[in-house]
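# Architecture at a glance
Next come the chains, spelled out residue by residue.
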Amino acid sequence: MLVSVTERTREIGIRLAIGAHEKHILIQFLVEATVLSLLGGIIGILIGLALAGLASLTLTIPFAPSPAVILLAVGFSALIGMVFGFFPALRGARLNPIDALRHE
């Protein structure tokens, strides 16, 4: 997310210059970080379930996925996205619009 914020300083500067508030920039990056981490978490869970099912068939052991553990994994993934997206988003939201427009 830090790279995303750094690479998009021009976009952030334009949004701030035309009237967006720091809160809007912060929310935008937090939503992006959360959605990306949720999608990554869901893909990881699907791959994990598929591999566990395949291992269950191959090794003839029972496979019983727990919905509670799956929900916990999705929630943890979203939490990680919010935590590690917060500080880069905060950095981007506090950007001076004039400096952002000059940065190439």
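The structure reproduced in this document is the subject of the present report.

Criteria and thresholds
Residues numbered from 1 in each chain as written. Predicted model: local features only at pLDDT ≥ 70, side-chain atom pairs only at ≥ 80, totals over all residues. Heavy atoms only, no water. Core = buried A, V, L, I, M, F, W, Y, C linked by side-chain atoms within 4.5 Å. Buried < 20%, exposed > 50% of the residue type's maximum accessible area, 1.4 Å probe, protein only. Helix = DSSP H or I, 4+ residues; strand = E, 2+ residues; numbered from the N terminus. Contact = heavy atoms within 4.5 Å. Phe/Tyr/Trp six-rings, centres within 6.5 Å; stacked < 30°, edge-to-face > 60°.

### Side note on the nonpolar core
Core analysis: the biggest nonpolar cluster contains nine residues, these being Val-5, Ile-12, Leu-16, Ala-20, Ile-25, Leu-26, Phe-29, Ala-89 and Ala-93. A total of three residues in this core trace back to one element, the largest contributor, which is helix H3 (residues 22–59). Excluding its chain neighbours within four sequence positions, the residues that come into contact with Ala-20 are Arg-15 and Ile-25.

### Concerning the packing of aromatic side chains
Two descriptors summarise a pair of aromatic rings, namely the distance from one centre to the other and the angle between the planes of the rings. One pass over the full model with this rule turns up one aromatic pair. Here Phe-86 and Phe-87 contribute two aromatic rings whose centre-to-centre distance is 5.2 Å and whose plane-to-plane angle is 75°, an arrangement assigned as edge-to-face.

### What about the side chain of Thr-34?
Mapped onto the elements, Thr-34 comes out in helix H3. Of the residues examined, Thr-34 reaches a relative accessible area of 16% and is grouped as buried. If near-sequence neighbours (up to four positions away) are discounted, Thr-34 is found in contact with Ala-78 and Met-82.

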